[in-house]
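# Structural features, examined
Chain by chain, the residues:
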Amino acid sequence: MTPQAPQPSAEGLAEPMRSRWSASVYDDSHRLTDSEIQTLLHAAQWAPSAGNSQPWVFFVCVPGTANHDRLVATLSRGNSGWVPRASVVFVTAAHVRTGEEADAPAYSDYALHDVGQAAAHLTLQARAMGLHAHQFAGFDHEALAEALGVPPTHQLLTGIAVGVPGDPADVDERTAARDHRDRVRRPLSHWAFGGRFDEDGVRDDWQTPRP
Ligand SMILES: Cc1cc2nc3c(=O)[nH]c(=O)nc-3n(C[C@H](O)[C@H](O)[C@H](O)COP(=O)(O)O)c2cc1C
């Protein structure tokens, strides 16, 4: 088990949620097989979506390929030290509009929800395969959309780096320190409401019978 998971309130969760966390130190010599990459994509493929609209696109960026070069060139400074070391990086986009014009009707009102859900499925499938996954948004979205030829009907969203843990001695100190950051969460009482948003009293009493 990693030192970062499970945190106390995650101890009762099923795997792979229980042991998931966003690792940043990857073994840059590790490669996934095509079949493993395909299995990760199948996890996204079988995510639920509104009206089965499946509004996602996943760009696959394997080290040594043109897509990987395109991604690496646009990474933020904070992400450029660790993302390129992952075995594969997926970049997600959502089908947001039915036409190229900015005011074209939405493809689906829930496209962003659905792409996030597909990303979550891929992330958890990675953990179930003994891999780590780390989602990120720190890259130049405009530049990468252009480099990947993303049409105006689609919106580039996030990256998901997937790989196996590496040796902290192989990376700079700042990157190594990232794997030891505190993992904290807002308590349930702040966001799981048994009543109205503005009803403090019932926030953490979800089964209060109606008055
Ligand atoms: C949409 C999104 C964007 C994120 N962007 C970055 C990022 O640019 N760089 C980074 O290191 N982590 C990024 N993260 C990872 C989060 O910081 C991380 O999931 C959060 O701190 C919780 O930690 P955990 O995943 O280990 O539980 C991002 C996560 C999401 C979902």
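Residue numbers restart at each chain and count upward from 1, following the sequence in its written direction. Whole-chain, interface and lining totals are the exception, using all residues; otherwise, since this is a predicted model, local features are given only for residues with pLDDT of at least 70 and side-chain atom pairs are given and counted only at 80 or more. Where side-chain values are given, they derive from all heavy atoms of the structure, hydrogens and water being excluded.

As annotated in an unreviewed UniProt entry, the chain carries the name Nitroreductase family protein and comes from Nocardioides astragali. Under the UniProt heading Sequence similarities (unreviewed entry), the note attached to the chain is "Belongs to the nitroreductase family." UniProt positions are given in the numbering used here, feature names are shortened, and annotations may be inferred rather than shown by experiment.

In an α-helix, one turn spans 3.6 residues; hence positions three or four apart end up facing the same way. For helix H1 (residues 34-45), built from 12 residues, the straight-helix expectation of 16 Å at 1.5 Å per residue is met to within 8% by its first-to-last C-alpha distance of 16 Å. Throughout, exposure labels follow a simple rule: accessible area from a 1.4 Å probe, protein chains only, divided by the maximum for the residue type, with under 20% read as buried, over 50% as exposed, and the rest as partly exposed. Counting from the N terminus, the helices are DSSP H or I runs at least four residues long and the strands are E runs at least two residues long. When H1 is considered as a whole, its buried residues turn out to be Ile37, Leu40, Ala43 and Ala44. Here the buried residues of H1 occupy an arc of 110 degrees about the axis, which is enough to place them on one side. The contact criterion used throughout is that any non-hydrogen atoms of two residues lie within 4.5 Å. Buried residues belonging to H1 abut strand S1 (56-61), strand S2 (88-95), helix H4 (111-128) and strand S4 (154-163). The length a helix should cover is 1.5 Å for every residue beyond the first. In this description, the arc belongs to the directions extending from the helix axis to the C-beta atoms.

Before going further, it helps to examine the site of the ligand. Here a residue is considered near a molecule or strand provided that any single heavy atom belonging to it is located within 4 Å of it. What surrounds the ligand is a group of 14 residues, the closest being Arg20, Ser22, Arg178, Arg183 and Arg185. Here a nitrogen atom of the ligand and a side-chain polar atom of Asn79 are 2.9 Å apart. Any pair of N or O atoms that falls within 3.5 Å is considered a polar contact. Within protein, one atom must be able to donate a hydrogen and the other to accept it, and sequence-neighbouring residues count only if both atoms are side-chain atoms. Within the contact set of the ligand, a nitrogen atom lies 2.9 Å away from a side-chain nitrogen or oxygen of His134. Calculation of accessible area relied on Shrake-Rupley with a 1.4 Å probe; when residues are assessed, cover is drawn exclusively from the protein chains displayed. Considering the ligand on its own, with 620 Å² of exposed area, one finds that the protein chains cover 61% of that surface.

Before going further, it helps to examine the UniProt feature "domain: Nitroreductase" (unreviewed entry) in the chain. As annotated by UniProt and renumbered to match this structure, "domain: Nitroreductase" (unreviewed entry) occupies residues 18-63 and 75-163. This span, residues 18-63, is 26% helix and 13% strand, and a straight line between its end C-alpha atoms measures 29 Å. Here residues 75-163 is 34% helix and 26% strand, with 18 Å between the C-alpha atoms at its ends.

Here we have four strands laid out as an open sheet, ordered S1-S2-S4-S3, and antiparallel in their pairing. The strands lining the two open edges of the sheet, one partner per strand, are S1 and strand S3 (132-136). Pairs of neighbouring strands in the sheet enclose a mean axial angle of 25 degrees, with direction left out of account. Only strands joined by at least two bridges in the DSSP assignment are considered to pair. Inspection of the sheet shows S2 paired to S4 by seven bridges, in the antiparallel sense. Residue pairing for S4: Phe90 is matched across the bridge by Ile160. Here H4 sits on the sheet and contacts S1, S2, S3 and S4; the angle it forms with S4, its principal contact strand, is near 10 degrees. Along the sheet face, helix H5 (residues 141-148) touches S1, S2 and S4 and points at about 90 degrees away from the line of S4. To obtain each axis, a line is fitted to C-alpha atoms, and for helices this fit is confined to the stretch in contact; angles are then taken between N-to-C directions over 0 to 180 degrees.

Turning next to unusual backbone geometry. Residue Pro6 is bonded to the preceding Ala5 through a cis peptide linkage, with omega at 0 degrees. Its location among the elements puts Pro6 in the segment before H1. Here the residue pair Glu15 and Pro16 is connected by a cis peptide bond, since its omega of 10 degrees sits within 30 degrees of zero. Topologically, Pro16 is positioned in the segment before H1. For Asn52, which is not a glycine, the phi torsion comes out positive at approximately 55 degrees. Its place among the elements puts Asn52 in the loop between H1 and S1. A positive phi angle is found at Gln54, which is not glycine, with a value near 45 degrees. Of the residues examined, Gln54 reaches a relative accessible area of 36% and is grouped as partly exposed.

Bringing the side chain of Arg127 into the picture now. Secondary-structure assignment places Arg127 in helix H4. The convention is simple: Lys and Arg are positive, Asp and Glu are negative, and His and the chain ends are not counted. Any Lys or Arg side-chain nitrogen located within 4 Å of an Asp or Glu carboxyl oxygen qualifies as a salt bridge. Buried charge without a salt bridge: Arg127, with Glu15 as the nearest opposite-charge side chain at an N-O distance of 5.1 Å. What Arg127 contacts, discounting residues up to four positions off in sequence, is Pro16, Ser19, Arg20 and His132.

Turning our attention to the pattern of salt bridges. Evaluated as defined, the whole model comprises two salt bridges. The shortest N-O distance in the salt bridge between Arg85 and Asp28 comes to 3.3 Å. Placement of Arg85 in the loop between helix H3 (77-80) and S2 and of Asp28 in the segment before H1 is noted, with a sequence separation of 57 residues between them. Its salt-bridge partner being Asp198, residue Arg196 comes within 2.8 Å of it at the nearest N-O pair. Judged on exposure class, the residue Arg196 and its partner Asp198 are both exposed.

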